[in-house]
Structures are given as C-alpha cells and as structure tokens.
Amino acid sequence: AVVSTQSTGEVKGSKRKRVKREPGDKRVKHAKCSVFDDMEGWEDIISRHEAEDGTGENLAEYFKSAAEEISKENAPSEENVPRKKKGKKKKVKFEGDEQNLLSQSMTAGSKALSALSLEEGDEEDGTSVTESTTSSTMQTAKDKISKLKGKFQAKMDASQFRYINEKLYTSSAEDAQQLFEKKPELFDVYHRGFTNQVEKWEINPVDRIIELIKSKGDAVSIADFGCGDAKIAQSVTNPVYSFDLVKTNEHVIVANSKKVPLGNKSIDIAVICLSLMGTDFRVFIREARRVLKSKGTLVIAEVSSRIPNVNSFTAGVEELGFKLLSKEEPNTFFTEMVFKKVKPKENKGLFETLELKPCTYKKR
C-alpha cells in the first residue's frame, strides 16, 4: 500500500522509488504503487486528499492508470498461455471393400434415424417430456421429427440407389449376383430407390408393355427378364415367368437373366424392360432368343441416353436372329423396340459390338 509520510515529505511504496516533494506541497508528484487488494483503501486515500486539498481527482486518475499498467505487467505472456487445441471433427471411417462400405453407411444412416425418435415419457435432464410439454406440443414435435426422418430416409435411399445402380451397370452378371447374395438388403434399397424414381416419370415403359401383352390375349406366355417387383405378372392373367436376382414377392423366380430355368422355344413374348444392365448385357438378349418360340416377340425398353446409336443397336440385334417390327420413343427418356424372332443373319460382328452406356452419376 502507498503510505503518505508528512514528516519526511515522501511517499513510500514497497520497493518503489521514493519521490521527494516540496515543503507544504501535499500533492503526489510521482509514484508507482502495488495493486490494492480492495477498493476501500483507494476510497479512503482519495477522500482524505479531497478533504485536505482537493487532490483526490488527480490521485484517482493516477491509481486507475497505475492499476492498468500493473495488470498488464502481471498478465501472462502469449508464450506461457496454454492454447486451446482446436478440436477436429471426427469423420466416420469406413473400412473394407465397397460392399461393406455401403453396408456400413446403411448402418450409420439407420442409427441416425433412430436418434431422431421422440416418444412420450422420454426424459431430458431428469424431467419427463410429458411433464413439461402439452399433448398438442408433443404431437407437433413428433410430426416434425417424423417429417425430418422421412426427408433423411429419402436422401439416404437416393444416395445408396445411385451407388448400387452404377455398380450394376459397370459389373458383370456374376458380380451383381454375388453382391446381392452377400447383402440381400441392398436389393431392397435398390428397388426402393427405383420405385421413388418411377413415381417421378410421366411415362413408365412397363405400363406400355402391359398394354401390348393384353392386346395379344390371355394365352400367350411371357418371360420377364429382370422383373423387379414383377409388375407384369401382377397386372395380367397370362402365364408369366418373372426372373430376378432376389425374390421380392411370390411372383419372382430367383435366377440370373443369363441363364433362366426355361426350355428352348417355350415362350411367346420375352420382355427386357430397363434391365440390360452389366458389362455382359448381350448374354441376356441371347438367352431371350433361346427361350422364344419361332416368330416369338422380343420387347426391349431402354433409357435413350444409354444407346449411342439406335440404328446400330437394332442392326446388331437383328444380326442375332430378329427382325425389327417397331421402334418408338414415347418421350425423350425412353426408347422401345419390338422384334420378331427369325433366322440369324450373316455374322458380321454387329451383335458382339453392341454398345450401351452405363448410367453413372456425378460425385456428390
């Protein structure tokens, strides 16, 4: 503390420079003081000097500036201040092959959806939700969470559908079969995503094929290659053999489209609707010809953007032993081709060089 000593005419501080003053001059000319423990000491000295000669105001300013200076001196340097480590966002790491990666992403997504649940009686900070929330507010919260879960599920399905769809277009029939044998749940994800896509289409090619089948009568037999949910079998009374890699309902026969359990020349109409997938898609057309009766009908519907040259494509199919009956583009998205089975033409390599572009997606 600073001590004023009238007898010596000095202001003493703890290990501080003594400042002399003229006799009779009670004002403090210069001093450095240590930090006061409390303001009461300041107020006493200031009030005493104000009473004596009105120097309290100057002294108060001095104390304020001295305290600020001392605070800076005592403040820890930047070198000694422990810096708070910036936390890095933890990234979900996926390990294993691509099949396991997708499976892990599905699991992570499912956990996120589960976390978005709100049930009556759930407690937060020891307080029951039902105790702090009215029934109407609770229902509103549930509705919002349900809507949020729906949006999250839709985005997750769309992302996984794109991955599986691109995988099917860029792998062989055997690889696709192994994919779904190891992870059958991926097939559900794929067809759920496919169904969401179909709902946005103005025209669904399978509906037009169903109308074509109905025009042929109930007696004709149908082989549906890559049937999905077997919509054709569920829409007509004809005998329909629906083939796909996973059994989604009682109408589906599990089989790879490159080799189906049907005899030679046993079917009237073979349908390949949006299922010429894989790097070896030509084997599906060859298998369809095998099971078709003489003069049987082959119906192919495909995404227009996949076909680099429609004329070259139809010429290649004709070389295998078909005759093009009709070619239609009901909209800018799809191309429908109807062929009749005939004798094979001279092999010029047109069929073996058939091209279809895979459906790929931009990385997101």
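For the structure itself, look to the data block above.
This report concerns the structure included in the present document. (Residues numbered from 1 in each chain as written. Predicted model: local features only at pLDDT ≥ 70, side-chain atom pairs only at ≥ 80, totals over all residues. Heavy atoms only, no water.)

Thoughts on the overall build of the protein
Along the protein, the regular secondary structure elements total 11 helices and 12 strands. A buried classification covers 38% of the 364 residues belonging to the protein. Contacts spanning at least 24 positions in sequence make up 62% of the contacts within the protein whose residues lie at least 6 apart. Only carbon and sulfur atoms are counted for the fraction: they give 49% of the accessible area of the protein, which is about 22,900 Å². (Helix = DSSP H or I, 4+ residues; strand = E, 2+ residues; numbered from the N terminus. Buried < 20%, exposed > 50% of the residue type's maximum accessible area, 1.4 Å probe, protein only. Contact = heavy atoms within 4.5 Å. Areas by Shrake-Rupley, 256 points an atom, 1.4 Å probe, with all protein chains shown as cover.)

Digging into helix H6 (residues 173–182)
Think of an α-helix as turning once every 3.6 residues; residues three or four places apart then point the same way. By the burial criterion, the buried members of H6 are Ala173, Ala176, Leu179 and Phe180. Viewed end-on, H6 has its buried residues packed into an arc of 120°, placing them on one side of the element. Turned more than 90 degrees off the buried face of H6, the exposed positions are Glu181 and Lys182. (Arc of directions from axis to C-beta.)

Remarks on the sheet that holds strand S7 (residues 240–244)
The strand order across the open sheet built from 7 strands is S8-S7-S6-S9-S10-S12-S11, with neighbouring strands paired in mixed fashion. At either margin of the open sheet sits one strand with a lone partner, and together these are strand S8 (252–254) and strand S11 (322–328). Sheet twist, expressed as the mean angle between neighbouring strand axes with direction ignored, is 20°. Bridging between strand S6 (residues 222–225) and strand S9 (residues 267–273) involves 4 bridges; their strand directions are parallel. Across the sheet, the residue bridging to Phe225 is Ile272, located in S9. Strands S6, S9, strand S10 (292–303), S11 and strand S12 (334–341) of the sheet are contacted by helix H8 (residues 205–215), whose axis makes an angle of about 170° with S9. Of the strands in this sheet, S6, S9, S10, S11 and S12 are in contact with helix H10 (residues 282–291), which crosses S10 at around 150°. (Pairing = 2+ DSSP bridges. Axes fitted to C-alpha atoms, helices over the stretch in contact; angles between N-to-C directions.)

Quick word on the pairing of S11
In terms of strand pairing, S11 meets S12 through 6 bridges, oriented antiparallel. Its bridge partner being in S12, Lys323 is matched across the sheet by Lys340. In sequence, S11 turns back onto S12 through a hairpin of 5 residues.

Section: the environment of Asn249
Inspection of the secondary structure assignment puts Asn249 in the loop between S7 and S8. As a C-alpha pair, Asn249 and Ala230 span 19 residues in sequence and 7.9 Å in three-dimensional space. Polar side-chain contacts of Asn249 include one of 2.9 Å to the backbone nitrogen of His251. (Polar contact = N/O pair within 3.5 Å; in protein donor to acceptor, adjacent residues only side chain to side chain.)

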